[in-house]
Amino acid sequence: MYFTDRGIEELVERRGEETVSVEWLGERLRDFVDLNPEFETPIERFATWLARLDDEDDD
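Residues numbered from 1 in each chain as written. Predicted model: local features only at pLDDT ≥ 70, side-chain atom pairs only at ≥ 80, totals over all residues. Heavy atoms only, no water.

## Comments concerning the pattern of salt bridges
Thinking step 1. According to the stated counting rule, one finds four salt bridges in the structure shown.
Thinking step 2. We note a salt bridge from Arg30 to Glu27, for which the minimum N-O separation is 2.9 Å. Note that Arg30 and Glu27 are positioned in helix H2 (residues 22-35) at a spacing of three residues, about one turn of the helix.
Thinking step 3. When its relative accessible area of 33% is taken as the criterion, Glu27 is described as partly exposed. (Salt bridge = Lys/Arg side-chain N within 4 Å of Asp/Glu carboxyl O. Helix = DSSP H or I, 4+ residues; strand = E, 2+ residues; numbered from the N terminus. Buried < 20%, exposed > 50% of the residue type's maximum accessible area, 1.4 Å probe, protein only.)

Here it is in C-alpha cells:
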C-alpha cells in the first residue's frame, strides 16, 4: 500500500457519498495550493491529468 492510499481511503470513507462539481474541486485545489505553494507543480500535473483523462492516446 502506498502512503497516499491512506488519504484516499479517508477521503472515500468520509465523503464517498457526496457529489461535487468540477468547479468545486477546482476551487478546493486552488485553496490547497494557496495554503501549500510547494505543491503547486504536483497539483497542476494532477489537474492536467484529470482534464485530459478522456483524450485519445496518440499511439
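## Looking at the packing of H2 against helix H3 (residues 40-51)
Thinking step 1. It is the contact of H2 with H3, at a shortest axis distance of 10 Å, that shows an interaxial angle of 165°. Considered as vectors, H2 and H3 are oriented roughly antiparallel to each other. Judged by the sense of rotation from one axis to the other, the crossing of H2 with H3 is left-handed. Where H2 approaches H3, its residues Leu25, Leu29, Phe32 and Val33 are matched on the opposing element by Glu40, Ile43 and Leu50.
Thinking step 2. Of the residues in the contact of H2 with H3, the class split is six nonpolar, no polar and one charged. (Axes fitted to C-alpha atoms, helices over the stretch in contact; angles between N-to-C directions. Parallel < 35°, antiparallel > 145°, perpendicular 65-115°, else oblique. Left-handed = near helix turned anticlockwise from the far one by under 90°. Contact = heavy atoms within 4.5 Å. Nonpolar A, V, L, I, M, F, W, Y, C, P; charged D, E, K, R; others polar.)

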